[in-house]
Amino acid sequence: MNRLQSAFSRGPALVTFVTGGDGPTAEILDALVAGGADVIELGMPFTDPMADGPAIQQANLRSLGAGTTTAEIFRIASAFRARHPDVPLVLMGYANPMITRGPEWFAAECVKAGVDGVICVDIPPEEDPELGPALRGAGVALIRLATPTTDAARLPAVLDGSSGFLYYVSVAGITGLQQAAQASIEEAVARLKASATIPVAVGFGVRTPEQAAEIAKVADGVVVGSALVELVAQHGENAPALVGELTRALADAVHGARSA
Amino acid sequence: MTTAPTQNSFRNQPDERGHFGQFGGRYVAETLMPLVLELEAEYTRAKADPAFQAEFDDLLEHYVGRPSPLYFAPRLTEELGGAQVWFKRDELNHTGAHKINNCIGQILLAIRMGKTRIIAETGAGQHGVATATVCARFGLPCVVFMGATDVARQAPNVFRMKLLGAEVRAVTAGAATLKDAMNEALRDWVANVHDTFYIIGTAAGPHPYPELVRDFQSVIGKEARAQMLSRVGRLPDLLVAAIGGGSNAIGLFHPFLDDPDVKMLGVEAAGHGLDKEHAASLAGGRPGVLHGNKTYLLQDADGQITEGHSISAGLDYPGIGPEHAWLRDVGRVDYTSVTDTEALDGFQLLCRTEGIIPALEPAHAIAAVKKIAPTMDKDQIILVNLCGRGDKDIFAVAEHLGVEL
Ligand SMILES: Cc1ncc(COP(=O)(O)O)c(C=O)c1O
């Protein structure tokens, strides 16, 4: 079993997102792990985060404003891997920074840094040759997104060539806004799990332990991002402790969801 | 000129996946993908539907005022002392630019698809005004995203959009110009896919936008080609057009692409100079992915997009439509760039010699013609796309010339 598989084998997983280079990233990542996060998503900042709401947009711009480069993101990832040999780490971002030196270069850097998977917002299955073959060739999981607009006809294409887990974006919209109704999440997760052989994690708009627990009753994973990123925005250098606290509450809710 | 060996036409792009060679494509979030596919299917049906074409043609004739005149510019020609300069007068269109051609086509598609709300991005405000206009004409609500910087420098167009009933949302992210307006429009679209149609203003974005915008704008080149043949009995030697995203240029060029004796020149904005801040993505960029397509982009080594600069709010976009990226790489079209200062000179030159106040965008094309016409023979013909009028720009020009209004 690889790191992503074992993270999802222990019951519902908490997946946490923060933007790399925004605030004291190494300490924040350590706080996520200490708080009980099962999978870490590290956001690669981009000048034009088209799928993100205000919280993550500003995190991207703060990070770039502080001078974060792609090399720095891979340094953060390598150092994380050295400190946490067993915790899966996934890079999330937009196509251009990932392909700009060629997809093979990017895939090789992921391998060197111990990155387990990649989520690319703006490369749908139709443009898979841009990044997919390089990642699969290097043994890095390509984690694709499914959304409320992904119908039964499209789902096989989305699943084909993807691995690690399927990220279900529960609202048609940008990150950080409202959460979808629980009933619609349950319906969608049931539908996706009927076709998917990989775990299904649900994200977008999940902020509180209560919401996370509800989703964890049906999904294999719950993704929380904007709520953590907002703590970094508000507390900067002092964010790690607060990030750790929220993560602990979320992790307890997710891990205990099915025994409650 | 170099051409790809297996190429027998330059007019059969894109391929079925929306690619122009290595450019174009559909690099969008999964949420948008089904909608982009639906748009492609609907556009394919519309193209085959004579009723769609008839309604488009009728609106262009009676609402927009087409065909636009083809005009020989005698005093400009004499002043430059070389090739004859002719203008395709798309600045005489309703709303003052070529943008309306595309908006008519797209709103007819939106209505076919049953969409009830329209969004658009705008830089100079010309596309915003054209979109607000067709929305008023068809009674659909309209939201226009515009960078806050552009809201300030294009105040007359902001007021026009409001008069036409559109809501103008000022976007403050980034440098608050066209690129940021497009990001915000895409965010709105992702959240409102069920009822919203996004009218993109240039020949860029995910497939099928570059193709359908080109097709709607090709009325410019089709008319010009027929007008040239009937007026002078031959085709022009050189076509010249300014390039922001590339819609007026591809609209003029496309119908001539398979005429081997017609040369073409696209003019990018060199801003303060190519070694300083500019918006010339072919001259100063390299291929990358932004806003749904792969094309030449202004970017740093990490693929972070850099801000474009031009005196013209309609040209300061850090990318270019994918078909131009391809036409440049296969060598069919040449591209050059002119600075803010040269464009201001071109602007004044046309005012003085022909009594026509051009928009700052085609003023870039005029500046390029000022350099080239004198190097050509007097019996040669240059055809320039005069794609917009300058009313919107007089305040900005006054400021640059140090005149207080
Ligand atoms: C008059 C005019 N010309 C040209 C442009 C640039 O766009 P494109 O390159 O798509 O023609 C604009 C954009 O606002 C414009 O208003």
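Scroll up to find the structure this text is about.
Residues numbered from 1 in each chain as written. Chains lettered and ligands numbered in written order. Predicted model: local features only at pLDDT ≥ 70, side-chain atom pairs only at ≥ 80, totals over all residues. Heavy atoms only, no water.

Chemist: Quick one: what's the story with the overall build of chain B, residue by residue and with numbers?
Modeler: Assigned secondary structure in chain B consists of 16 helices and 14 strands. Since a compact globule built from 405 residues should have a radius of gyration of about 22 Å, the 19 Å found for chain B is in line with a globular shape. Considered along the principal axes of its C-alpha atoms, chain B spans approximately 55 × 55 × 50 Å. The burial tally for chain B puts 65% of its 405 residues in the buried class. Across chain B, the fraction of contacts at a sequence separation of at least 24, relative to all contacts at a separation of at least 6, is 74%. In the structure as shown, chain B presents an accessible area of about 13,700 Å², 52% of it carried by carbon and sulfur atoms. Distance between charge centres in chain B, computed from 37 positive and 50 negative side chains, equals 2 Å. (Helix = DSSP H or I, 4+ residues; strand = E, 2+ residues; numbered from the N terminus. Rg over C-alpha atoms; globule rule 2.2 N^0.38 Å. Buried < 20%, exposed > 50% of the residue type's maximum accessible area, 1.4 Å probe, protein only. Contact = heavy atoms within 4.5 Å. Areas by Shrake-Rupley, 256 points an atom, 1.4 Å probe, with all protein chains shown as cover. Lys, Arg positive; Asp, Glu negative; His and termini not counted. Charge placed at Lys NZ, Arg CZ, Asp CG, Glu CD.)

Chemist: Can you lay out helix H6 (residues 103-113) of chain A for me, pointing to particular residues and giving the numbers?
Modeler: Residue and element names in this part refer to chain A. All of the buried residues in H6 are Pro103, Phe106, Ala107, Glu109, Cys110 and Ala113. Each buried residue of H6 lies within a common arc of 160° when the element is viewed along its axis, so the set occupies one face. Of the exposed residues in H6, those oriented more than 90 degrees away from the buried face are Glu104 and Lys112. Contacts from the buried residues of H6 go to helix H4 (70-83), strand E3 (89-93), helix H5 (95-99), strand E4 (117-120) and helix H7 (132-138). (Arc of directions from axis to C-beta.)

Chemist: With reference to specific residues and values, describe the interface of chain B and chain A.
Modeler: Each partner contributes to the interface: chain B provides 35 residues, whereas chain A provides 37 residues. Of all residues in chain B, the largest losses of buried area upon contact with chain A belong to Glu30(B), Arg187(B) and Asp302(B), amounting jointly to 26% of the total for that side. Where chain B touches chain A, the interface holds five salt bridges. The interface formed by chain B and chain A contains 23 residue pairs in polar contact (both at pLDDT 80 or more). Among the secondary structure elements, those contributing two or more residues to the side of chain B that touches chain A are strand E2 (23-27), helix H1 (33-47), helix H8 (178-191), strand E11 (286-290) and strand E12 (292-297) of chain B. Considering each element in turn, the side of chain B that touches chain A owes the most residues, seven residues, to H8(B). Among the residues making up the side of chain B that touches chain A, the classes are represented as 16 nonpolar, ten polar and nine charged. (Buried area = accessible area lost by both parts, 1.4 Å probe. Salt bridge = Lys/Arg side-chain N within 4 Å of Asp/Glu carboxyl O. Polar contact = N/O pair within 3.5 Å; in protein donor to acceptor, adjacent residues only side chain to side chain. Nonpolar A, V, L, I, M, F, W, Y, C, P; charged D, E, K, R; others polar.)

Chemist: Any chance you could break down the layout of surface pockets for me, citing the residues and the numbers?
Modeler: Looking at the largest pocket, its volume works out to about 240 Å³. Lining of the largest pocket is provided by 13 residues; of these, Gln53(B), Phe56(B), Asp57(B), Asp215(B) and Lys222(B) occupy positions nearest its centre. Elements supplying a minimum of two residues to the lining of the largest pocket: H1, helix H2 (50-64), helix H9 (209-217) and helix H10 (219-232) of chain B. Sorting elements by how many residues they give to the lining of the largest pocket places H2(B) first, with five residues. Counted by class, the lining of the largest pocket contains six nonpolar, one polar and six charged residues. Taken as a whole, the second largest pocket holds about 200 Å³ of empty space. In terms of lining, the second largest pocket is formed by 13 residues, of which the most central are Asn2(A), Leu4(A), Gln5(A), Ser163(A) and Gly164(A). Top contributing element to the lining of the second largest pocket by residue count: helix H1 (residues 3-9) of chain A, with three residues. Residue composition of the lining of the second largest pocket, grouped by class: six nonpolar, six polar and one charged. (1 Å grid on protein atoms, 1.4 Å probe; cavity = no way out; pocket = protein on both sides within 12 Å on 5 of 7 lines; lining within 4 Å. Points joined across faces, edges and corners; volume = space filled by probe spheres on them.)

Chemist: Give a description of the sheet that holds strand E4 (residues 84-88) of chain B that names residues and reports values.
Modeler: All names here are of chain B. With respect to topology, six strands assemble into an open sheet ordered E3-E4-E14-E9-E10-E13, the strand pairing being mixed. What marks the edges here is a single partner per strand, and that holds for strand E3 (70-72) and strand E13 (334-339). Averaged over all pairs of adjacent strands, the angle between strand axes in this sheet comes to 25°, irrespective of strand direction. In this structure, strand E10 (residues 263-271) lies alongside E13, joined through six bridges in parallel fashion. Within the sheet, the bridge partner assigned to Gly271 lies in E13 and is Thr339. Where helix H15 (residues 360-372) meets the sheet, its contacts fall on E4, strand E9 (238-242), E10, E13 and strand E14 (381-385), and the angle it forms with E9 comes to roughly 140°. (Pairing = 2+ DSSP bridges. Axes fitted to C-alpha atoms, helices over the stretch in contact; angles between N-to-C directions.)

Chemist: Describe the nonpolar core, with residues and values.
Modeler: Residues Phe106(A) and Tyr167(A) are the most contacted members of the largest nonpolar core, which totals 192 residues. Excluding anything up to four places from it in sequence, Tyr167(A) contacts Glu41(A), Met92(A), Ile119(A), Ile143(A), Arg144(A), Leu145(A), Ala146(A), Ala201(A), Gly203(A), Phe204(A) and Val223(A). By size, the runner-up hydrophobic cluster in this structure holds 25 residues, among which are Phe87(B), Leu238(B), Ala368(B) and Val369(B). (Core = buried A, V, L, I, M, F, W, Y, C linked by side-chain atoms within 4.5 Å.)

Chemist: I'd love a proper account of the site of the ligand, names of residues and values included.
Modeler: Residues and elements named next belong to chain B. Among the 17 residues in the neighbourhood of the ligand, the closest are listed as Thr202, Gly244, Gly246, Ser247 and Asn248. Interatomic distance of 2.7 Å between a backbone N/O atom of Gly244 and an oxygen atom of the ligand. For the ligand, an oxygen atom lies 2.7 Å from a polar atom in the side chain of Ser247. Summarising the interface, the protein chains cover 97% of the accessible area of the ligand, which totals 390 Å² for the free molecule. Class assignment of the residues belonging to the shell around the ligand gives a composition of five nonpolar, ten polar and two charged. (Near = heavy atom within 4 Å.)

Chemist: How would you summarise helix H7 (residues 155-163) of chain B if you had to cite specific residues and measurements?
Modeler: All names here are of chain B. Taken together, the buried positions of H7 are Asn157, Val158 and Met161. All buried residues of H7 fall inside an arc of 105° around its axis, so they share one side. Among the exposed residues of H7, those pointing more than 90 degrees away from its buried face are Phe159 and Leu163. Buried positions along H7 lie against strand E5 (117-122), helix H5 (126-138), strand E6 (142-147), helix H6 (148-153) and strand E7 (167-171). Gly165 lies just past H7 and shows a positive phi near 95°.

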